[in-house]
Amino acid sequence: MKTRFGVLLCLLFASLSLSAATLKPGHYAVASAQPYATQAGMQVMAEGGNAFDAAVAVSAALSVVEPYSSGLGGGGFWLLHDAKTGQNVMVDGREYAPAAATASMYQDKQGNVIPGASLNGPLSAGIPGEVAALAYISRHYGKLSFAQDLAPAIKLARDGFPLDRMFHAMLKSREQKLKQWPAAWKVFYPDGQVPATGYVLKQPDLASTLELIARHGPRAFYTGKLAREMVKAVRANGGIWSLEDLRDYQVKLRAPITGEYHGMRIVTVSPPSSGGIVMMEALNILSGYDLAKDSDLMRKHLIIEAMRFAYRDRAEYLGDPDFVKMPLARLLSPYYAAGLRAAILPEHATPSSNLAPVTAEAPESQHTTSIAVMDKDGNLVGGTFTVNFRFGSGFMPPHTGVILNDEMDDFVSKPGVPNGFGLVGNSANAIAPHKRPLSSMMPTFLETRNGLAILGTPGGSRIISMVMLGTLDYFNGGDAESIVSLPRYHMQYLPDKVFYEPGAFSAGEITGLEKMGYSLQQVHPYGNMQSISWNYQTGKVFAAADPRDVGSAAVK
Ligand code: GLY
């Protein structure tokens with residue numbers, strides 16, 4: 001089925017329905033990366049909106065108060081659970097490549113990847129999907145109008161809000177990049193310098209863009225004056241967008257990945273996110289062990305090895321399902337997992353050295369954002385969306401207030417050459433017209449007999465290992481608070497290194513892992529997980545924002 005500015009139905013609806021269908025939490029809750037966005041969601045639900053309205057309100061508000069992470073110029077995935085029907089659906093609002101894009105567009109004449117070309121300026125921007133996704137969710141799942149859902153974001157953009165320490169730090173870190181693009185520079189550096197914490201940032205152009213969309217719907221973004229302005233500015237600055245690229249963009253509805261880990265039900269996103277496949281493959285490997293009986297050291301060794309094997313398959317097989325045939329049944333098969341498990345040595349790290357070494361390391365502070373929303377009836381939304389790196393491409397078409405993404409870097413610019421996250425890949429994730437770049441974003445629902453949880457986080461390639469550790473924590477009796485707080489560690493096959501936060505390993509575990517042959521590297525705290533958990537037995541709902549950042553969570 002195809003409708004303009006609407007949606008393409010792919011594999012529709014997962015059959016798994018969370019048993020929350022018969023229970024109602026009686027509370028509503030929001031967790032997001034920014035207090036004003038959390039408030040926007042709570043406000044919309046207080047006004048009679050449901051979780052879907054609130055998710056739209058929170059996402060739109062984040063485009064104003066956290067534009068370094070996500071926005072109308074970006075895209076992402078929203079995982080919905082409809083309590084009435086029991087259905088789960090993934091709304092794929094991922095960007096796609098412009099029609100003029102080619103597999104070698106970021107290579108020079110010698111075939112070398114041009115540093116930064118897929119990360120800076122309008123040539124690095126895919127066609128945004130966020131506006132189409134939010135309009136779809138509001139229209140098909142919300143109770144309020146799209147204009148009502150967007151109202152808090154419009155007010156934040158028009159009246160302004162005081163900059164917090166994180167926004168200030170982001171502006172400081174991106175000063176040189178944004179200086180190149182006058183429209184963005186004018187909005188974010190009003191006196192030609194980084195504004196102080198507490199400065200009230202107003203974004204009148206973004207307010208007008210949001211108002212236009214609120215009044216006329218997504219067509220006001222994908223066609224008409226705004227679209228013409230964006231395309232003209234993109235092309236004048238080295239980009240390749242066309243009016244047809246914008247006009248033809250469609251949200252896709254996809255069946256989520258559903259699976260189990262020792263009886264815990266998991267609903268998560270499918271390709272073009274790699275997240276669900278990689279996490280399920282790793283959990284299938286781990287499900288052959290009784291991790292509770294292992295020592296902490298052995299458990300961490302097995303988890304790291306499971307990550308290694310699953311991330312390797314990411315690089316080899318995964319891409320946009322509308323362009324690439326992927327052996328998903330095999331990757332998700334317990335027999336395949338058993339084969340990989342047999343290759344894991346009980347006392348030794350498995351070297352990743354049969355592939356060329358990759359030197360690039362994931363940057364410490366990637367940006368993207370995640371939300372968790374639940375309403376009184378048990379409707380659930382997990383969303384993870386992004387402009388890719390901080391402030392995306394840095395480019396803002398004049399008069400729009402919209403920062404464009406640099407999502408083209410999530411494609412493979414050249415097989416074997418790592419992207420900004422240190423990820424490698426092959427032709428499965430090569431650039432092609434209207435293809436969606438492979439992502440790691442993975443909003444996820446978990447359900448045990450005792451309750452359910454929503455979780456998701458930014459963090460580029462590390463998203464998957466973070467969600468996996470959160471998933472194991474929930475399985476072990478954790479709740480939203482512990483899920484977002486627990487110390488993290490990460491292995492993505494290449495580079496052959498384990499990155500870990502302070503506190504993730506004890507001194508004894510560090511010695512033990514090094515003895516097994518692991519190369520360990522402590523990194524700054526990373527991720528910004530948002531979670532909600534609902535305990536069926538006690539009726540308690542918890543919402544938690546990652547303590548590493550400035551986010552907030554609320555329950556009513
Ligand atoms: N832009 C990061 C991701 O989608 O994985």
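Model, not experiment: these values are computed from the prediction.

Criteria and thresholds
- Residues numbered from 1 in each chain as written.
- Predicted model: local features only at pLDDT ≥ 70, side-chain atom pairs only at ≥ 80, totals over all residues.
- Heavy atoms only, no water.
- Helix = DSSP H or I, 4+ residues; strand = E, 2+ residues; numbered from the N terminus.
- Buried < 20%, exposed > 50% of the residue type's maximum accessible area, 1.4 Å probe, protein only.
- Polar contact = N/O pair within 3.5 Å; in protein donor to acceptor, adjacent residues only side chain to side chain.
- Near = heavy atom within 4 Å.
- Areas by Shrake-Rupley, 256 points an atom, 1.4 Å probe, with all protein chains shown as cover.
- Pairing = 2+ DSSP bridges.
- Contact = heavy atoms within 4.5 Å.
- Salt bridge = Lys/Arg side-chain N within 4 Å of Asp/Glu carboxyl O.
- Axes fitted to C-alpha atoms, helices over the stretch in contact; angles between N-to-C directions.
- Parallel < 35°, antiparallel > 145°, perpendicular 65-115°, else oblique.
- Left-handed = near helix turned anticlockwise from the far one by under 90°.
- Nonpolar A, V, L, I, M, F, W, Y, C, P; charged D, E, K, R; others polar.

Things to note about the side chain of Thr457
Mapped onto the elements, Thr457 comes out in the loop between strand S13 (451-456) and helix H16 (462-475). Residue classification places Thr457 among the buried residues on the basis of a relative accessible area of 0%. Within the structure, the side chain of Thr457 is placed 3.0 Å from the backbone nitrogen of Asn528, a separation counted as a polar contact. In terms of polar contacts, Thr457 uses its side chain to reach the backbone amide nitrogen of Met529, at 3.5 Å.

Let's talk about the site of the ligand
The environment of the ligand is made up of Arg94, Thr386, Asn388, Glu407, Asp410, Phe421, Ser439, Ser440 and Met441. Within the side chain of Arg94, an N or O atom sits 3.0 Å from an oxygen atom of the ligand. In the complex, 98% of the free accessible area of the ligand, which totals 200 Å², lies under the protein chains.

Digging into the sheet that holds strand S16 (residues 520-522)
Ordered in space as S14-S15-S16, the 3 strands form an open sheet in which the pairing is mixed. With one partner strand each, in any of the chains shown, strand S14 (489-490) and S16 form the two edges of the open sheet. Judged from the 2 bridges that link them, S14 and strand S15 (residues 498-500) form a sheet pairing that is antiparallel. Residue pairing in the sheet places Tyr489 in a bridge with Tyr500 of S15.

Some words on the side chain of Thr368
Mapped onto the secondary structure, Thr368 falls in the loop between helix H15 (334-342) and strand S10 (369-374). Within the structure, Thr368 has its side chain in polar contact with the side chain of Thr386 (distance 2.6 Å). Those residues in contact with Thr368, other than ones at most four positions away along the chain, are Ser69, Thr384, Phe385, Thr386, Asn388, Met441 and Pro458.

Quick word on the pattern of salt bridges
All told, the structure shown has 21 salt bridges when counted by the stated rule. Residue Arg254 pairs with Asp322 through a salt bridge whose shortest N-O separation is 3.0 Å. Of the two residues, Arg254 sits in strand S7 (residues 251-254) while Asp322 sits in the loop between helix H13 (296-317) and helix H14 (328-331), which places them 68 residues apart along the sequence. A salt bridge links Glu509 to Lys300; its shortest N-O distance comes to 2.9 Å. Of the two residues, Glu509 sits in helix H18 (residues 507-516) while Lys300 sits in helix H13, which places them 209 residues apart along the sequence. Lys300 matches Glu509 in its accessibility class, with the two residues each being buried. Each of Asp92, Lys252, Arg254, Asp322 and Arg436 takes part in a single network of salt bridges with overlapping partners.

Let's talk about the packing of helix H2 (residues 51-65) against helix H3 (residues 130-141)
One can describe the packing of H2 onto H3 by two numbers: an axis separation of 8 Å at closest approach and a directional angle of 155°. It follows from the interaxial angle that H2 and H3 lie roughly antiparallel. Judged by the sense of rotation from one axis to the other, the crossing of H2 with H3 is left-handed. Across from Phe52, Val56, Ser59 and Ala60 in H2, the residues of H3 making contact are Glu130, Leu134, Ile137, Ser138 and Tyr141. In terms of residue class, the contact of H2 with H3 is built from 6 nonpolar, 2 polar and 1 charged.

Here's the deal with the environment of Val231
The residue Val231 is located in helix H10 (residues 224-236) in this model. Placed 15 residues apart in sequence, Val231 and Leu246 show a C-alpha to C-alpha distance of 8.6 Å. Once residues within four sequence positions are removed from consideration, Val231 is found in contact with Trp241, Ser242, Leu243 and Leu246.

Structural notes on the sheet that holds strand S12 (residues 444-448)
With antiparallel pairing, 6 strands are arranged side by side in an open sheet as S8-S9-S12-S13-S17-S18. Both edges of this open sheet fall to strand S8 (257-261) and strand S18 (541-545), since each of them pairs with a single strand only. Neighbouring strand axes in the sheet, compared pairwise and without regard to direction, differ in orientation by 15° on average. When strand S17 (residues 530-535) meets S18, the two strands line up antiparallel, connected through 5 bridges. Within S18, the residue paired with Ser531 across the bridge is Ala544. Lying on the sheet, helix H12 (residues 275-286) is in contact with S8, strand S9 (264-268) and S12; it crosses S8 at an angle near 20°. The strands touched by H16 are S8, S9, S12, S13 and S17; relative to S13, the strand with the most contacts, the crossing angle is about 165°.

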